[in-house]
Amino acid sequence: MSTSNTQPTTLVWFRRDLRIQNNPALDYAVRRGGRVIPIYIEYSNSIKDWQPGAASRWWCHHSLKELADSLQQQGLKLRFFSGEPLKIITQLIKQTGATAIAWNNLYERTERDLEARISSACNDCEIYQANSSLLFAPGSLLNKSEQPYRVFTPFWKQARADLEMTGVSITRPKKYSAANQPQARLQGECTLAQLGLLDEHPWHNKLQQHWQPGEVSAQKQLKQFIEYAAADYDTDRDIPSIDGTSCLSAHLHFGEITPSQIVYTLQQYEFDRDGKKSIERFISELGWREFAHHVLWHFPHTANKCMNEKFNGFWPSRANQKLLREWQTGNTGVPLVDAGMRQLWETGWMHNRVRMIVGSFLTKNLGIHWLHGARWFWDTLVDADLANNTLGWQWVAGCGADAAPYFRI
């Protein structure tokens, strides 16, 4: 494909930032002018550990479809690739003559290492990186001893104060020029279906009854939460039978909406005193998400090992398969545990309070290692997130950051 020397070309590498609003990497590319080439690379098969689970891949497939449609309306075409990102990106630079690459950062160790390799190999290009998935980039909040926080309350006290001090802004959607966009298929380009995100067995069709992935649905879900549940969140969030939570976790994980967008939107509404208390509680739950990502950033080994090392040999490495299977299928005989596990299998989601209960039951009552539970959640949750999953399971098992004592049931 021929390129023009007078037109700058920018690759925008989408990963878990599947939106067009409040997207720093995309905004940068458009401001730069010239050609903008959005790309998505499916590389989960090259990840040795914690490959995305089936429910998560289902969400990703449909979110990508929505993103491609949104970009098309803005005059841009999302290009799909499958394989090793460094190889694909370097090939695209040669083919398109791109002089810049833009992406929004991810913070798991595999993602950090990948970004570093691409930055090093593509040093002839301008590299633009931004934090948009979190309110605060990991490493930016440390205690008075310049050490990472291990307890949530002091972490959030500092984060909340900084959030008040800096405020939250949001970029508005822009119209993108379709001028001079490459029309020909790029080397290695494939279709969305060829990414293989959907299992051949159509078990995942049932998820469509419960979820609509995509940026538009994320905004609708936020609005619905604000109108019908936000004012009573402080009390209703503890009751699994009530639709009292935001159900935004999967939208957040895939970057269809950002925490800054959520905080900004909440600030536009007027609430009474009790409502303000509920909103503050909800924002602190976003804080727990922040804390999880900061902990995993500083202690990446905790994805597979206990943060409190004395627990590393505490549980048997081999689980009782009969008990584990009964737990996975919701056949333990404990009604609330079984209801939660069956809800997870049918919908790809479970209320957070029930997640705590089923996790406690697995680790404390059945004596099964928390990693077996984390792996099951990882494969069945539409909102499976390595940082949140790790922190949550280690918290309830009593072996992680800010964990409840082990003997707490």
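These figures come from a predicted structure and were not determined experimentally. Residues take numbers from 1 onward in each chain, read along the sequence in its written order. Note on the predicted model: pLDDT of at least 70 is required for a residue's local features to be given, and 80 or more for side-chain atom pairs to be given and counted; whole-chain, interface and lining totals, by contrast, use all residues. Water and hydrogen atoms were dropped before computing side-chain values, which therefore reflect all heavy atoms in the structure.

Caption draft 1: Geometry of the overall build of the chain. Check the secondary structure of the chain and you find 15 helices and five strands. Computed over C-alpha atoms, the radius of gyration of the chain comes to 22 Å, within 12% of the 22 Å expected from 2.2 N^0.38 for 409 residues, which places it in the range of a compact globule. With respect to the three principal axes, the spread of C-alpha positions in the chain is 65 × 50 × 45 Å. Any residue under 20% of the maximum accessible area for its type is buried, any over 50% is exposed, and the rest in between are partly exposed; the area is computed with a 1.4 Å probe on protein chains only. Per-residue burial over the chain gives 54% buried out of 409 residues. Secondary structure elements follow DSSP: runs of H or I of four or more residues count as helices, runs of E of two or more count as strands, with numbering from the N terminus. Radius of gyration here uses only the C-alpha atoms, and the compact-globule reference equals 2.2 Å multiplied by the residue count raised to the power 0.38.

Caption draft 2: Inspection of the pattern of salt bridges at higher detail. Criterion for a salt bridge: a side-chain nitrogen of Lys or Arg within 4 Å of a carboxyl oxygen of Asp or Glu. Applying the stated criterion to the full structure yields 17 salt bridges. Close ionic contact of Arg 160 with Glu 164 constitutes a salt bridge, the shortest N to O distance being 3.3 Å. Here the residue Arg 160 and the residue Glu 164 both occupy positions in helix α5 (residues 152-166), the gap between them amounting to four residues, near one helical turn. Among the salt bridges present, the one from Arg 355 reaches Asp 383, with a minimum N-O distance of 2.8 Å. One end of the pair, Arg 355, is in helix α13 (residues 352-365); the other, Asp 383, is in the loop between α14 (370-380) and α15 (386-397), and 28 residues separate them in sequence. A single burial state applies to Arg 355 and to Asp 383, both of which are buried. Here the salt bridges share partners, and the residues they tie into one network are Arg 15, Glu 111 and Glu 115.

Caption draft 3: Just the nonpolar core, in detail. Buried Ala, Val, Leu, Ile, Met, Phe, Trp, Tyr and Cys residues that are joined via side-chain atoms within 4.5 Å together make up what is termed a nonpolar core. With 68 residues, the main nonpolar core has Ile 262, Trp 327, Trp 370 and Phe 377 as its most contacted residues. A per-element tally of this core places helix α10 (residues 273-298) first, with eight residues. Contact definition: two residues touch when any of their heavy atoms are within 4.5 Å. Once residues lying within four places of it in the same chain are set aside, the contact partners of Phe 377 are Trp 327, Leu 344, Met 350, Arg 355, Val 358, Ala 384, Asn 389 and Trp 393. One finds Trp 59, Leu 67, Ala 100 and Trp 349 within the second-largest nonpolar core, a separate group that totals 33 residues.

Caption draft 4: Inspection of the pairing of strand β1 (residues 9-14) at higher detail. In terms of residue burial, β1 counts as a mostly covered element, since six of its six residues are buried. Of the two faces of β1, both are covered, the one formed by Thr 9, Leu 11 and Trp 13 as well as the one formed by Thr 10, Val 12 and Phe 14. Relative to strand β2 (residues 35-42), β1 is paired through six bridges, and the arrangement is parallel. Within the sheet, the bridge partner assigned to Thr 10 lies in β2 and is Val 36. For the crossover from β1 across helix α1 (residues 24-32) to β2, the handedness is right-handed. We call two strands paired when DSSP finds no fewer than two bridges between them. The sheet contact formed by β1 and strand β4 (residues 100-104) spans four bridges and is parallel. Across the sheet, the residue bridging to Val 12 is Ala 102, located in β4. Note on handedness: a crossover is taken as right-handed if, strands pointing away from the viewer, the path from the first strand over the helix to the second is clockwise.

Caption draft 5: Summary view of the sheet that holds β1. Read across the sheet, five strands follow the order β3-β2-β1-β4-β5 without closing on themselves; strand pairing throughout is parallel. Every other strand in the sheet has two partners, leaving β3 (79-82) and β5 (126-130) as the edge strands with one partner each. Neighbour-to-neighbour, the strand axes of this sheet turn through a mean angle of 25°, independent of strand direction. Packing against the sheet, α1 makes contact with β1, β2, β4 and β5, and its axis sits at approximately 170° to β1. Running at roughly 170° to β4, helix α4 (residues 109-121) makes contact with β1, β4 and β5 of the sheet. Each axis is a line fitted through C-alpha atoms, and for a helix only the stretch in contact is used; angles between axes span 0 to 180 degrees, taken between their N-to-C directions.

Caption draft 6: A look at the packing of helix α3 (residues 85-96) against α4. At a minimum axis distance of 10 Å, the contact between α3 and α4 shows a crossing angle of 30°. Our classification of the angle between α3 and α4 gives roughly parallel. In this structure, α3 meets α4 at a crossing whose hand is right-handed. Listed contacts from α4 to Pro 85, Leu 86 and Ile 89 of α3 are Leu 114, Arg 117, Ile 118 and Ala 121. Here is the rule for angles: anything less than 35 degrees is roughly parallel, anything more than 145 is roughly antiparallel, 65 through 115 is roughly perpendicular, and the remaining ranges are oblique. Crossing handedness: left-handed means the near helix sits turned counterclockwise from the far one by under a right angle, and right-handed means the same turn made clockwise.

Caption draft 7: Quick peek at α1. Taken residue by residue, α1 has Pro 24, Ala 25, Leu 26, Asp 27, Tyr 28 and Ala 29 as its buried positions. Next to the buried residues of α1 lie β1, β2, α2 (54-73), β4 and β5. Downstream of α1 by a residue or two, Gly 33 has a phi angle that is positive, lying close to 85°.

Caption draft 8: Expanded view of the packing of aromatic side chains. The pairing test for Phe, Tyr and Trp rings, Trp by its six-membered ring, is centres within 6.5 Å, and the orientation test on the planes gives stacked under 30 degrees, edge-to-face over 60, and tilted for anything in between. Following the criterion strictly, the structure yields 27 aromatic pairs and no others. When the centroid spacing of 5.2 Å and the interplanar angle of 50° are considered together, the rings of Phe 155 and Phe 291 count as tilted. With a gap of 136 residues between them, Phe 155 in helix α5 and Phe 291 in helix α10 connect regions that are remote in the sequence. Ring geometry for Trp 203 versus Trp 345: centroids 6.2 Å apart, planes at 15°, classification stacked.

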